[in-house]
Amino acid sequence: MKIKLSLFLILLSFATITTSCVSVQVKENTISAIPAEVKKPKNIILLIGDGMGLSQVSTAIYYKDGKPNFERFHTIGLSKTSSASDLITDSAAGATVFSTGAKTYNGAIAVDMDTIPRPTIVEQLSKRGLATGIIATSSLQHATPASFYAHVKSRSMYEDITAFAPNSGVNFFAGGGLKFFNKRKDGKDLLMEMKAKGYEVITDQLPKIPSESNEIILLAQDGMPKMTEGRGDFLPNATKLALEKLSKNEKGFFLMVEGSQIDWGGHNNDSEYLIQELLDFDKTLGVALDFAKQNGETLIIVTADHETGGYTLASDGKDYNKIKPSFSTNGHSGTMVPVFTEGPGASLFNGIFESNEIYSKMMMLFDK
Ligand SMILES: [Zn+2]
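This is a predicted model, so every value here is computed, not measured.

S.K.: I'd like a rundown of the overall build of the protein chain, residues and numbers included.
M.R.: Looking only at helices and strands, one finds 12 helices and 14 strands in the protein chain. For 368 residues, the compact-globule estimate of 2.2 N^0.38 gives 21 Å, and the protein chain sits close to it at 21 Å. A total of 368 residues make up the protein chain; the buried ones form 50% of that total. The long-range fraction of contacts in the protein chain, counting pairs at least 24 apart against all pairs at least 6 apart in sequence, stands at 71%.

S.K.: I'd like a rundown of helix H3 (residues 91-100), residues and numbers included.
M.R.: Extensive coverage of H3 is indicated by the burial of 10 of its 10 residues. Among the residues of H3, those classed as buried are Ser91, Ala92, Ala93, Gly94, Ala95, Thr96, Val97, Phe98, Ser99 and Thr100. Taken together, the buried residues of H3 touch strand S1 (43-49), helix H4 (121-127), helix H5 (143-146), helix H10 (262-267) and helix H12 (357-366). The first or second residue beyond H3 is glycine 101, which carries a positive phi of 85 degrees.

S.K.: Tell me about the environment of glycine 129, and please be specific about residues and values.
M.R.: Topologically, glycine 129 is positioned in the loop between H4 and strand S3 (131-139). Classification of glycine 129 as exposed rests on a count of 10 C-beta atoms within 10 Å. Along the primary structure glycine 129 and phenylalanine 253 are separated by 124 residues, whereas in three dimensions their C-alpha atoms are 8.9 Å apart.

S.K.: Report on unusual backbone geometry, specifying residues and quantitative values.
M.R.: The phi dihedral of alanine 110 is positive, around 50 degrees, even though this residue is not glycine. Inspection of the secondary structure puts alanine 110 in the loop between H3 and H4. Here alanine 110 falls in the buried class, since 27 other C-beta atoms lie within 10 Å of it. Phi at asparagine 269 is positive, roughly 50 degrees, even though this residue is not glycine. By the element assignment, asparagine 269 lies in the loop between H10 and helix H11 (271-295).

S.K.: Now, about the pairing of S1: what can you tell me, with residues and values included?
M.R.: With seven of seven residues buried, S1 lies mostly within the body of the structure. Alternating positions in S1 separate into two faces, Asn43, Ile45, Leu47 and Gly49 on one and Ile44, Leu46 and Ile48 on the other, with burial throughout. Note that S1 and strand S8 (residues 298-303) share six bridges and pair parallel. Within the sheet, the bridge partner assigned to isoleucine 45 lies in S8 and is isoleucine 300. Pairing geometry for S1 and strand S7 (residues 253-259), over six bridges, is parallel. Looking at S7, one finds that isoleucine 44 is bridged to phenylalanine 254.

S.K.: Residue-level account of the packing of helix H9 (residues 234-246) against H11, with values.
M.R.: Two elements in contact, H9 and H11, have axes whose closest approach is 8 Å; the angle formed by their N-to-C orientations is 20 degrees. Considered as vectors, H9 and H11 are oriented roughly parallel to each other. Seen from above, H9 lies across H11 with right-handed handedness. The segment H9 lies against H11, with Leu235, Pro236, Thr239, Lys240 and Leu243 engaging Asp280, Lys283, Thr284, Val287, Ala288 and Phe291.

S.K.: If you had to explain helix H2 (residues 54-63) to someone new, which residues and values would you point to?
M.R.: Every buried residue of H2 is accounted for by Ser55, Gln56, Val57, Thr59 and Ala60. Where H2 is buried, its residues touch S1, H10, H11, strand S10 (312-314) and strand S13 (337-342).

S.K.: I'd love a proper account of the sheet that holds S8, names of residues and values included.
M.R.: Ordered by their spatial adjacency, 10 strands build an open sheet running S5-S6-S4-S3-S7-S1-S8-S13-S2-S14, and the pairing between neighbours is mixed. Looking at which strands have only one partner, the edges of the open sheet turn out to be strand S5 (199-202) and strand S14 (351-354). The sheet shows a mean angle of 15 degrees between the axes of neighbouring strands, taken without regard to direction. Docked against the sheet, H11 engages S1, S7, S8 and S13, running at close to 165 degrees with respect to S8.

S.K.: Before we move on, could you go through the packing of H2 against H11 and cite the residues and values that matter?
M.R.: A packed helix pair is summarised by two numbers, namely the angle formed by the two axes and the spacing between the axes. Two numbers describe how H2 lies on H11: the axes approach to 9 Å, and their chain directions differ by 85 degrees. Put simply, H2 runs roughly perpendicular to H11. Where H2 abuts H11, its residues Gln56, Thr59, Ala60 and Tyr63 lie against Leu274, Ile275, Leu278, Leu279 and Asp282. Here the residues of the contact of H2 with H11 are counted per class, giving six nonpolar, two polar and one charged.

S.K.: Got a sec to walk through the environment of serine 328? Specific residues and values, please.
M.R.: Checked against the element boundaries, serine 328 lands in the loop between strand S11 (324-326) and strand S12 (332-333). A residue is classified by how many C-beta atoms lie within 10 Å of it, and serine 328, with 11 of them, is exposed. Counting along the chain gives 219 residues from serine 328 to isoleucine 109, while the straight-line C-alpha distance between them is 28 Å.

S.K.: If you had to explain the confidence of the model for the protein chain to someone new, which residues and values would you point to?
M.R.: With 92% of its residues at a pLDDT of 70 or more, the protein chain has an overall mean of 93. pLDDT under 50 marks residues 9-26. Its contacts with residues more than four places away, or in other chains, come to eight contacts.

S.K.: Outline the pairing of S8, supporting the account with residue identities and numerical values.
M.R.: The element S8 is extensively covered by neighbouring structure, given that six of its six residues are classed as buried. Alternating positions in S8 separate into two faces, Thr298, Ile300 and Val302 on one and Leu299, Ile301 and Thr303 on the other, with burial throughout. In this sheet, S13 lies alongside S8 in antiparallel orientation, the contact comprising three bridges. In the strand pairing of S13, isoleucine 300 is matched with glutamate 342.

Each value, and the rule that gives it
Residues numbered from 1 in each chain as written. Predicted model: local features only at pLDDT ≥ 70, side-chain atom pairs only at ≥ 80, totals over all residues. Helix = DSSP H or I, 4+ residues; strand = E, 2+ residues; numbered from the N terminus. Rg over C-alpha atoms; globule rule 2.2 N^0.38 Å. Buried ≥ 20, exposed ≤ 12 C-beta atoms within 10 Å, placed from the backbone. Contact = placed C-beta atoms within 7 Å. Pairing = 2+ DSSP bridges. Axes fitted to C-alpha atoms, helices over the stretch in contact; angles between N-to-C directions. Parallel < 35°, antiparallel > 145°, perpendicular 65-115°, else oblique. Left-handed = near helix turned anticlockwise from the far one by under 90°. Nonpolar A, V, L, I, M, F, W, Y, C, P; charged D, E, K, R; others polar. pLDDT = per-residue confidence, 0-100.

Written out as C-alpha cells, the structure is:
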C-alpha cells in the first residue's frame, strides 16, 4: 500500500511537472538567422489543412487512387501547436501564430495576449509591394483566413472581421462568407465598399482568368459546400487562378490556402467527410507543387494548426487487413502536426519546433 501510494505521488508530481513544462511556451527561435548556404525564395505558398494530423494525412495513402501529392515533399518537420492560453489550441490562436508569430489565447484573431493587434505577414509584405492572396473553403471570416487580414479580440466577431477586408490590401480573396458583407446587422453593404476600394466582386462562379484589378470571389453565404455535397474543384482551381494572378508581381507573393473542412469532418466525427476534404487538399497540393516546380523560386509549406478528432486508422483488433477509422474526441487534440516543405528554404523546416517559428522562418526568408 505504501509503495503504491508513493508511486502514485511520484506519478502525480511527474504529471504536474510535465503539465507546467508544456504550458510554458518556448519563445526563442531555433535559428536566429538564415545560414548563408540557404537559397531564399521569391514566393511562399502556405497551405493549411485545418485539423490535419498524421492520420488525416495518411488517408491519402489508403484512400487515394494513385500516389498522394504529400509524397512529393522531401523535407518534413513537426510543429508543437499549444497556444499561450491552452495546451490544446483552437483555430484562431492556431492561425495567429502563422500570420503574426505570436502565441496568443484561444479565440484571438491576430491580436496578442493583451488584445493588441499584431501586424500580419500579409500586411507587412503588402506594404513592401509583394502580392498577397487568401483562399479558404470556410467563410473568409472564419478563424484561419481571418487571422491573416483582420484583428479582433474574438473569432466570433464575423461582421467586424469583414470590415477589415476593404482596406486589407489583399490582392486575391476566394471563399465563402458573402452574407457578412451584404446582410449585416449594421445595414452596411461592404461589397460596395470593396468596389470603391478597387476590388472586382465576383459572386457567381470561379472565373477562368484572373481579374486585372484586385478581386474577391465569394461563392457561398457562409462556408463553401462540403466535397461530399458537390463543391467540386473549387480549392485547386482557385489556387491555380491565384497563382496565375499573384506570380505576375515582380517582387514576389505570399498565398495562404486553407483546406478548412478537414477540421469540420473531424469535429463531426465523420470519416467520409474528412477523407474527401483531405483528398481535395491533396489535389490542391499538386497544383502548388506543379507551379513551384516550373517557377523554381517558390517555397511551399504545408501544415496544420492542430489535429482534430483524435483520429486514428486502427484495425478492429481482429482483422489487420481492414482499417476502421475512429475518433477519440469531437474536439481538437494536442499531438504535434506535420510540416511538409519543398523549394528554396525548405531545409529550415526540418526538426521539431514551435508552431510560431513557421512565421519567423517565413519572414526571415522574405528579408532580402
Ligand atoms: Zn483549426
